[in-house]
Each structure stands twice: as structure tokens, then as C-alpha cells.
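# A look at the structure
Chain by chain, the residues:
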Amino acid sequence: MNAPAREATATGRLAELRPLLSELMDLKRIRTPDHPDGLAAHGFRRAWAALASGMDPRIVALRETARAVAAVRLGGLDLDVLQRAGLSPQEAMRVLGRGLEAVSRPLDPRLRERLSVALAQTPEGACHAPPPLFVERLAQQPRAGATYPGRPRIVVSPQESHADHCYAVAVGAVLVAPCFGASPALPFVAGLSHHLFNAALPDAGYGGEALLGDLLEPVMKRLTEEALATLPERLAGVVRQALALTGHVDSAEARAFNASDALDRVLELEAHARAAGFTLRQAMEDLELIHPGPLQAFGNGVLREAGVWP
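Here the structure is a predicted model, which is why all the values come from computation and not from measurement.

## A look at the overall build of the protein chain
Helix and strand counts for the protein chain stand at 15 helices and two strands. Expected size for 310 residues packed as a compact globule is a radius of gyration near 19 Å; at 21 Å, the protein chain falls within 12% of this value. The dimensions of the protein chain, computed from C-alpha atoms along their principal axes, are 65 × 50 × 45 Å. Out of the 310 residues in the protein chain, the part that is buried amounts to 45%. Intrachain contacts of the protein chain at a sequence separation of at least 6 include 71% that bridge at least 24 residues. Taken as a whole, the protein chain presents about 16500 Å² of accessible surface, with 57% of it coming from carbon and sulfur. If the 32 positive side-chain charges of the protein chain are averaged to one point and the 35 negative ones to another, these points end up 2 Å apart.

## Considerations on a nonpolar patch on the surface
Taken together, the side chains of Leu211, Leu212 and Leu215 define a hydrophobic patch exposed on the protein surface, amounting to about 330 Å² of accessible area. One can find Leu211 in the loop between helix H10 (205–209) and helix H11 (216–228). In this structure Leu211 comes out as exposed when scored by relative accessible area, which is 76%.

## Regarding the side chain of His165
Mapped onto the elements of the fold, His165 is located in helix H8 (residues 162–180). A polar contact is formed between the side chain of His165 and the side chain of Asp264, at a distance of 2.6 Å. Other than its neighbours up to four places away in sequence, His165 contacts Lys28, Arg143, Glu160, His194, His195, Asp261, Asp264 and Arg265.

## Here's the deal with the packing of aromatic side chains
Applying the stated criterion to the full structure yields three aromatic pairs. Counting every residue linked through ring pairs, the aromatic cluster contains Phe44, Trp48 and Phe134.

## What to know about the environment of Ala92
Along the chain, Ala92 turns up in helix H5 (residues 89–103). Under the relative-accessibility criterion, Ala92 is labelled buried at 0%. Each C-alpha atom of the pair Ala92 and Gly213 lies 52 Å from the other, and the pair is 121 residues apart in sequence.

## Some words on the packing of helix H3 (residues 57–74) against helix H6 (residues 109–120)
It is at 8 Å that the axes of H3 and H6 come closest, and there the two elements cross at 95 degrees. Of the possible angle classes, the one that applies to H3 and H6 is roughly perpendicular. From H3, Leu62, Arg63, Thr65, Ala66, Arg67 and Ala70 reach across to H6, where they touch Leu111, Arg114, Leu115, Ala118 and Leu119. Residue composition of the contact of H3 with H6, by class: seven nonpolar, one polar and three charged.

## Observations concerning the nonpolar core
Within the largest apolar cluster, 77 residues are counted, with the highest numbers of intra-cluster contacts made by Phe44, Trp48, Phe134, Leu175, Phe188, Leu192 and Val239. At 13 residues, the largest contribution of residues to this core is made by H8. Filtering out sequence-adjacent residues up to four positions away, Phe134 remains in contact with Trp48, Leu196, Ala199, Ala227, Thr230 and Leu231.

## Regarding the packing of H8 against helix H13 (residues 252–276)
In contact at an axis separation of 7 Å, H8 and H13 are set at 130 degrees when each is read in the N-to-C sense. Put simply, H8 runs oblique to H13. The way H8 lies across H13 gives a crossing that is right-handed. Counted together, His165, Ala168, Val169, Gly172, Ala173, Val176, Ala177 and Phe180 of H8 and Ala252, Arg255, Ala256, Phe257, Ala259, Ser260, Asp261, Leu263, Asp264 and Arg265 of H13 form the full contact between these two elements.

## As for the pairing of strand E2 (residues 151–154)
Examined bridge by bridge, strand E1 (residues 146–148) and E2 share two bridges and lie antiparallel to one another. Bridge pairing in E2 places Tyr148 opposite Arg151.

How each quantity is defined
Position numbers for residues start from 1 in each chain and track the written sequence from start to end. Whole-chain, interface and lining totals are the exception, using all residues; otherwise, since this is a predicted model, local features are given only for residues with pLDDT of at least 70 and side-chain atom pairs are given and counted only at 80 or more. The side-chain figures draw on all heavy atoms in the structure; neither hydrogens nor water molecules are used. Helix numbering and strand numbering both begin at the N terminus, where a helix is a DSSP run of H or I of at least 4 residues and a strand a DSSP run of E of at least 2. The globule rule is 2.2 Å times the number of residues to the power 0.38, and the radius of gyration it is compared with is taken over C-alpha atoms. Burial classes: relative accessible area under 20% of the type maximum marks a residue as buried, over 50% as exposed, and values in between as partly exposed (1.4 Å probe, protein chains only). In what follows, a contact means two residues having at least one pair of non-hydrogen atoms within 4.5 Å. Each accessible area is a Shrake-Rupley result for a 1.4 Å probe, and residues are judged covered by the shown protein chains and nothing else. Only four residue types enter the tally: Lys and Arg on the positive side, Asp and Glu on the negative side; His and the chain ends are excluded. The atom standing in for a charge is NZ when the residue is Lys, CZ when it is Arg, CG when it is Asp and CD when it is Glu. Surface patches are defined over residues having more than 30% relative accessible area and no salt bridge, joining like charges when they lie within 9 Å and nonpolar side chains (Val, Leu, Ile, Met, Phe, Trp, Tyr) when within 5 Å. Here, a salt bridge means any Lys or Arg side-chain nitrogen found within 4 Å of an Asp or Glu carboxyl oxygen. Here a polar contact means two N or O atoms within 3.5 Å. Within protein one must be a hydrogen donor candidate and the other an acceptor candidate, and residues neighboring in sequence count only if both atoms are side-chain atoms. Stacked, tilted and edge-to-face are the three classes applied to pairs of Phe, Tyr and Trp rings, where Trp contributes its six-membered ring and a pair requires centres within 6.5 Å; stacked means planes under 30 degrees apart, edge-to-face means over 60, and tilted covers the rest. Here the axes come from fitting lines to C-alpha atoms, over the contacting stretch only for helices, and the angles between their N-to-C directions go from 0 to 180 degrees. Orientation categories follow fixed angle ranges, with anything under 35 degrees roughly parallel, anything over 145 roughly antiparallel, 65 to 115 roughly perpendicular, and all other angles oblique. We call Asp, Glu, Lys and Arg charged. Ala, Val, Leu, Ile, Met, Phe, Trp, Tyr, Cys and Pro are nonpolar, and the rest, Gly among them, are polar. Joining through side-chain atoms within 4.5 Å is the link that ties buried Ala, Val, Leu, Ile, Met, Phe, Trp, Tyr and Cys residues into a set, and such a set is a nonpolar core. In this scheme, a crossing is called left-handed if the near helix is turned counterclockwise away from the far one by less than a right angle; it is called right-handed if the turn is clockwise. Only strands joined by at least two bridges in the DSSP assignment are considered to pair.

The structure is reproduced here in C-alpha cells:
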């Protein structure tokens, strides 16, 4: 297949994936008592702990992506929560499987099958290694928002963290990898690690970083190396391979990572625009906020009498 045809095929597939990729943004803002800073930050910590424990990046990539896709519908109803609520492991896994199935139609069929298998595999227990120290700093480091040299910064609330962004890019890279004929593991690791320098460097955005000029690249490289030095040697080598995907689109894996990075940056702002434009009509008519059931007629009657909704 020639390059233009290959790009057209990828474009069509990306359009099919866009609704699911948009919904993944919600994981940055879905919070639970166990994970008060959001499911994406929790997944970021969990993924790095698994990698630091020596788990194969291919397994981590598929397992985390399967969990993230299931959470699009189930939110914080993960395996631990469902079992604490009294479900058997088998029952809990069936629920998670339904969550994955509910939104997986746009996925490449082979990837869908691999994610289903990864989700169904019995967890290997808690990771023995804690996440690297830079993980928590990235979870606490806000993204800069939309910036451009010479123009005011646009900050939207709630601000996403670098952990939020990196996890969404990592998972998104796995989902778009089949569009480019890419293997998912290295794009996933690139997503997790492409902002290591921000563990030490507060995010000034494009507008602020432009003022550093030719000083920026050496600073980023030095701080990234400092973070890599805290990792086990083998994992540091994998991360270096993954980071080699950034800054170019000369391979299928590089295209998968950079496509996911670009999509996350724009879809994040689209999520805020969508939330700002949300209307009561959407809630009542599209989402049936007074849900079907024995109390729906009564609830709608109350709203009519109160003058809330006709």
C-alpha cells in the first residue's frame, strides 16, 4: 500500500475511534474515595509500578488499556471495588468484560480480542515495587493549559496533571496502533514517559518554553536523564527506546505515539468545550436524567409542577 493510501486508511479508522478517545478524557476527572485525584492518575501510578516490578511492557500496555476502556462505562467499578461489594472474582470479571464490550466496537478486531484476553487474565497480585519517585511529582504537576508566545494563557478547570495526560496518551497509542500497523508496547511506554522532565520542571507551556529558546532542549534532556537514572537498568533501556519515538514520524510506532499525543491535547480542550456547552435539554432528552423505571412518571410530574422542565 502506498503512503497516501495508507494515510487515508488510518484517517478513516481514526475517525471511527474518535468518540471512544473522547470518552477516555473522562477518566482524568472520574474520582473515587480510593483514588481522589482521578482514575487516569491511578492508572499512571499502577502502570509504572508494574513496569518497575519487571512486568513485560507488552502485558502492561494491554492490561492497562483494557482496564481503561472498561472504565469508560464502569468508572470506578474496578475489580477491587466489585469484590469488596461482595461479587466473586468470576462475577466481577464478567462485569468488567461487559464494560469493555460496551464500547469496544470501533476497535480493531484483533486488538479487541487481545484486550479481552488481557482483562480476563487473573491479576498477578499487587506489584512489589513502588512507582518511581517521579510518578507522584507528575501526578501533582498541572499541565500549563493552552499557551502561545505573546498571548494570554488559557487555563481551564479542573486542570489535568501530567499523569493524566501521559496515561491518556499511552492508552490512546495502543488504541490507534492498528491504524498505523504498529506494535503497541513502545508507543504505550512513550506515552507514559514523554514528560519525565516535568517531574522537576513546572510546565510553562509552549508560550513559556519559547522564551527558553535553545536552552530548553538541554534542560529537558538533562532532567529526563535524571529521571531515567532512578529506574532499573533494563526498564531505563526500554524507556529510552520508547522516547526515541518522539519528535518524528519515521516509523509506525512513532506515528502511533505522536497521533495519540496530538489527539489527547486537542480532545482535552474539546471535553471542556463540550462540558461548557452542556444543556438541560441534553440531560432530560438525550440522557433521560429521570431514568426509566417505576418512579420516572412521578419524577417528571414533580419537575412539571415545579416549572423545572415541561
